[in-house]
Each structure stands twice: as structure tokens, then as C-alpha cells.
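For reference, the chains in residue letters:
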Amino acid sequence: MRLHQFIVANMEKILSEWVSFARSIQPVTMTVKDLRDHAEEMLITIANDLESPQTELERSEKSKGHQPRQEGDTAAEIHADCRLRSGFSVDLLASEYRALRASVLKLWFAEHECSSPQEAEDLIRFNEGIDQALAESITRYTEAVVMSQDIFLGVLGHDLRDPLNSIGVGAQILKHSKDQDSPPAKLGSQMYNSVLRMTKMLDNLLNFTQSRIGGGLQISPSEIDLAQISADVIAEFRLSNPNRIIHNQVEGNCVGNWDAGRLSQTYQNLISNALQYGSVESAVTVVTKDEGDHVVFTVQNYGVPIPPISQSQIFDLMHRIPNVDAERNFKKNLGLGLYIVREIVTAHHGSISVSSTEEKGTIFRVRLPKNLLSAA
């Protein structure tokens, strides 16, 4: 008897052991039907795969994860959804597959010695089938967890806006007290600056969840002048960072077809990054320059250079700059700001790069086409 025939003939024994194991690890009391879930469908899929011939090329492609995708969800993916809803952790989900593999092999070796090349081939392909099902389940489980986390973050960021706006209004009232040297006025100024920082954090958070859930940032382009955008953003930073020097240079006609809010946030994130990681004794220089069909703007600061190995990773999610002391790094962002900048620039069909040396400082360079339609 071949292994695929053995699996079908002993289906009830195998499922009985599966149920016994699942019951021993179940987070909540479940029925036999729930415990069995899609185990039978997965075993039938594996048995059918064992029965069909397989070339060396097909095996090689399967081992690389290039197995042809069936229409709709697989039994393993649906099983992952059910286990997630039932409260199973990913570790418990994986342990079910270990138990299923052990159950089949134990029953098989009780009656067979695996003495022929065909039987050895069946065992190899059976393990490949279990591994494939496990990979499908883990991938689906992980995707579902990440999606729920992203939705939670999006809802949290949205719901925090109203109370934050209320705090901002109160801070402005205190800030504009008649006696600017009074403790309430100073407190109001500090509170308002904190509200501005928190608003930027929420903007980054909402953009992040949109890029993950919605398949990329959405933009609403219109004719805007980057010279005006940069001037407005820098004015805000000068107000909230009176002890820092921020230079603003504009060259040529910097009018183009872009999303004003998104590019304002790009300036904000890059300047904020320069202030956070640059030397407090040196200036931050922002240059916005007309280059024909494109506009290029750069943000430069001096300080500890970014290591070459990190320059290619700095726009990745949650990347943190090494060689910065732990306390200072903890107080800064976790890399969300630069990730959002890259997403905004990409949505505008532009490019962003960074160079960092001791002599020339750290320079972030953004290049944007003036006409999005011609660049698409």
C-alpha cells in the first residue's frame, strides 16, 4: 500500500489523534468538529499530491515556494483563520502540524519498514506537503495579525485627533496670555509645541497604516509652490526651536503638480530628522531648486555621519541609526518618519537618496517631477 492510500484508509485514526492533541492545547473549550477543522481536507490535498507524478524540476520549484497557486483559499489558510479566531497562538498552530506529521508517520511505520525507493520518495513528498501546509497557515496567520494591528493603529490615530485638538486649543489660550513671562503662558507654549509634535506623529501613524492597508499612499495633486511650502514649514520649526539655526534657500520656479499636505509632511519629517540627529551647534540647511522638468530639494545637517551600511536601509520601516546613544535613540522616532517620506516621494513618482560624510554632512535629496501625469 502506497502512503497516499494509507492516509485515506486510516483517515479516522489520524484525525482522532489530531483531535486528541488539539484538545490538549485548546485555549477554549471546542467541539470535535471545531477541533478537526480542515485537517481532513489538508490530508486529502497531501494524498492527492502524493498520487500525482512529480518531475525534478517541479520538486525544485516547490522547494523554492513556487508551487502553482490554486484558486481561492487553501484548507491550510482557512484552518489558520479558524485557529486565530479560536485564540490559538502561532506556536500552537505550528505544533498541530508537528503532531499531524508524527501521527501519520507513527501509524505508517507500525505497518511498513520503508524498504523501497518508492516508499522513501513518498515519505519525502509527504513531509514536503506538511511543510507547504504549515507555511500557508503561518503566512495567513501572520498576515491576519499584522492587518488587525494596522487597523487598530489606524483607529487609534484617528480617535486621538479630537482630544489632541482640544488640548491644542487650551494650550493656545494659555500661550497668548497678556503676560508672556507668566508661568501659564510659558506652560501654554510648551504644551502647544508638544501638541504640534504629537500631531506630526499621528500624521505619520495614519500614513503608515494607509500605506500598509490601502496598498500605498493616496495623493490629491494640485498646482502648488514648494517655495511657499518650505517657507511655511521652516517658519514653524523656527518658532518651536528658537535655539536652532535653519537656513532656507530657493532657486528658480518651484511650482508643480503635487499634493501640498503630503509634501509639507515630507519637509517636516526631513527637517525634524536633521534637528534630532544633527549637531545642535550646526545649522540645518534646506535648499529647494528648479531643475527644468523636476524640482529637487535637499535637507542638510552636520553631526555624526550615517554609516554606509545604514544608508541603504535608512528608509526601511523601524530602522534606527546606529552609533547614537541608546537614550537619545529611544527619545526619537523608531524610523517611521523616513519610511513615510519614501512612500510620499514614491507616490509622486519621485526619488529620494541620502549621502553622509564628515566633511559634507548628511544630505537627504528628493527629486520630484513637476507634472505627475507625464511621469506616470
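On a predicted model such as this, the values are computed, not experimentally measured, just so you know. Note on numbering: residues in each chain are counted from 1, in written sequence order. In view of the model being predicted, local features appear only for residues whose pLDDT reaches at least 70, and side-chain atom pairs are presented and counted only at 80 or more, with totals across whole chains, interfaces and linings using the full set of residues. Here the side-chain values reflect all heavy atoms present in the structure, with hydrogen atoms and water set aside.

1. Some thoughts on the overall build of the chain
Right, on to step 1. For the purposes of this entry, the term helix denotes a DSSP run of H or I that reaches at least four residues, the term strand denotes a run of E that reaches at least two, and both are numbered from the N terminus. When helices and strands are tallied, the chain shows 16 helices and seven strands.
Right, on to step 2. A compact globule built from 376 residues should have a C-alpha radius of gyration of about 21 Å, whereas the chain, at 29 Å, is more than 25% larger.
Right, on to step 3. Each principal axis of the C-alpha atoms in the chain carries an extent, and together these give about 90 × 50 × 40 Å.
Right, on to step 4. Whether two residues are in contact is decided by their heavy atoms, any of which lying within 4.5 Å being enough. Across the chain, contacts joining residues at least 24 apart in sequence account for 74% of those joining residues at least 6 apart.
Right, on to step 5. Roughly 20100 Å² of accessible area belongs to the chain as shown, and the carbon and sulfur atoms make up 55% of that amount.
Right, on to step 6. For the chain, the centre of its 36 positive side-chain charges and the centre of its 48 negative side-chain charges are spaced 6 Å apart. Using C-alpha atoms as the atom set, the radius of gyration is obtained and then compared with a globule rule of 2.2 Å times the number of residues to the power 0.38. Each accessible area is a Shrake-Rupley result for a 1.4 Å probe, and residues are judged covered by the shown protein chains and nothing else. Charged residues are defined narrowly, with Lys and Arg counted positive, Asp and Glu counted negative, and His plus the chain ends left uncounted. Just so you know, the charge point we use is NZ for Lys, CZ for Arg, CG for Asp and CD for Glu.

2. Quick look at the side chain of S230
Right, on to step 1. Inspection of the secondary structure assignment puts S230 in helix α11 (residues 226-240).
Right, on to step 2. With near-sequence residues (within four places) excluded, S230 lies in contact with N248, V250, Y267 and T288.

3. Notes on the packing of aromatic side chains
Right, on to step 1. Any two of the Phe, Tyr and Trp rings considered here, Trp counted by its six-membered ring, make a pair once their centres fall within 6.5 Å; the pair's planes then place it as stacked at under 30 degrees, edge-to-face at over 60, or tilted in between. Within this structure, the stated rule accounts for three aromatic pairs.
Right, on to step 2. Note on Y267 and F297: the rings are 4.2 Å apart at their centroids and 20° apart in plane angle, and the pair reads as stacked. Remark: F297 occurs in strand β5 (residues 294-301) and Y267 occurs in helix α12 (residues 260-277); sequence separation between them is 30 residues. The same class applies to Y267 and to F297, which are both buried.
Right, on to step 3. Judged by centre distance (5.9 Å) and plane angle (80°), the ring pair of F315 and F364 falls under edge-to-face. Highlighted residues: F315 in the loop between α13 (308-311) and α14 (326-331) and F364 in strand β7 (residues 361-369), separated in sequence by 49 residues.
Right, on to step 4. One cation-aromatic arrangement involves R83 over F88; the distance from NZ or CZ to the ring centre is 4.7 Å. When accessible area is computed with a 1.4 Å probe and restricted to protein chains, residues below 20% of their type maximum are described as buried, those above 50% as exposed, and intermediate ones as partly exposed. Both a distance and an angle decide whether a charge sits over a ring: NZ of Lys or CZ of Arg must be within 6 Å of the ring centre and within 35 degrees of the ring normal.

4. Examining the packing of helix α6 (residues 75-85) against helix α7 (residues 90-109)
Right, on to step 1. Each axis is a line fitted through C-alpha atoms, and for a helix only the stretch in contact is used; angles between axes span 0 to 180 degrees, taken between their N-to-C directions. Across the interface, α6 lies against α7 with an axial gap of 10 Å and an inter-helix angle of 135°. Considering the angle they form, α6 stands oblique to α7. With respect to the hand of their crossing, α6 and α7 are arranged in right-handed fashion. Contact residues: α6 offers A76, H79, A80 and R83, while α7 offers L93, E96 and Y97. For classification purposes, angles smaller than 35 degrees are called roughly parallel, those larger than 145 roughly antiparallel, those between 65 and 115 roughly perpendicular, and all remaining angles oblique. With the far helix as reference, a near helix turned anticlockwise by less than a right angle produces a left-handed crossing, and one turned clockwise produces a right-handed crossing.

5. Some thoughts on the pattern of salt bridges
When the charged atoms of two side chains lie near each other, side chains of opposite charge can form a pair.
Right, on to step 1. Only one rule defines a salt bridge in this text: a Lys or Arg side-chain nitrogen within 4 Å of an Asp or Glu carboxyl oxygen. Under the counting rule described, the total for this entry stands at twelve salt bridges.
Right, on to step 2. Residues E17 and K106 are paired through a salt bridge, measuring 3.3 Å at the closest nitrogen-oxygen approach. Here the residue E17 occupies a position in helix α2 (residues 11-25), and K106 occupies one in helix α7, the gap between them amounting to 89 residues.
Right, on to step 3. When the shortest N-O distance is used, the salt bridge between D49 and R125 registers 3.8 Å. Separated by 76 residues along the polypeptide, D49 in helix α4 (residues 39-51) and R125 in helix α8 (residues 117-159) bring together distant segments of the chain.
Right, on to step 4. One network of salt bridges, in which partners are shared, links D73, E77, D81 and R140.

6. Topic: α4
Right, on to step 1. In this model α4 runs 18 Å from its N-terminal to its C-terminal C-alpha over 13 residues, within 8% of the 18 Å that 1.5 Å per residue would give.
Right, on to step 2. Of all the residues in α4, the buried ones are A39, M42, L43, I46, A47 and L50. The arc that holds the buried residues of α4, viewed along the axis, is 135°, so those residues lie on one side. Expected helix span is computed as 1.5 Å times (number of residues minus one). By construction, the arc corresponds to the directions joining the helix axis to the C-beta atoms.

7. Regarding a nonpolar patch on the surface
Right, on to step 1. On the surface, M147, I151 and V155 cluster together to form a nonpolar patch covering roughly 240 Å² of accessible area.
Right, on to step 2. For M147, the position within the fold is in helix α8.
Right, on to step 3. With a relative accessible area of 36%, M147 lands in the partly exposed category. Patch criteria: residues need more than 30% relative accessible area and no salt bridge. Like-charged residues are merged within 9 Å; nonpolar side chains of Val, Leu, Ile, Met, Phe, Trp and Tyr are merged within 5 Å.

Take it as geometry only, folks, not as evidence of what the structure does.
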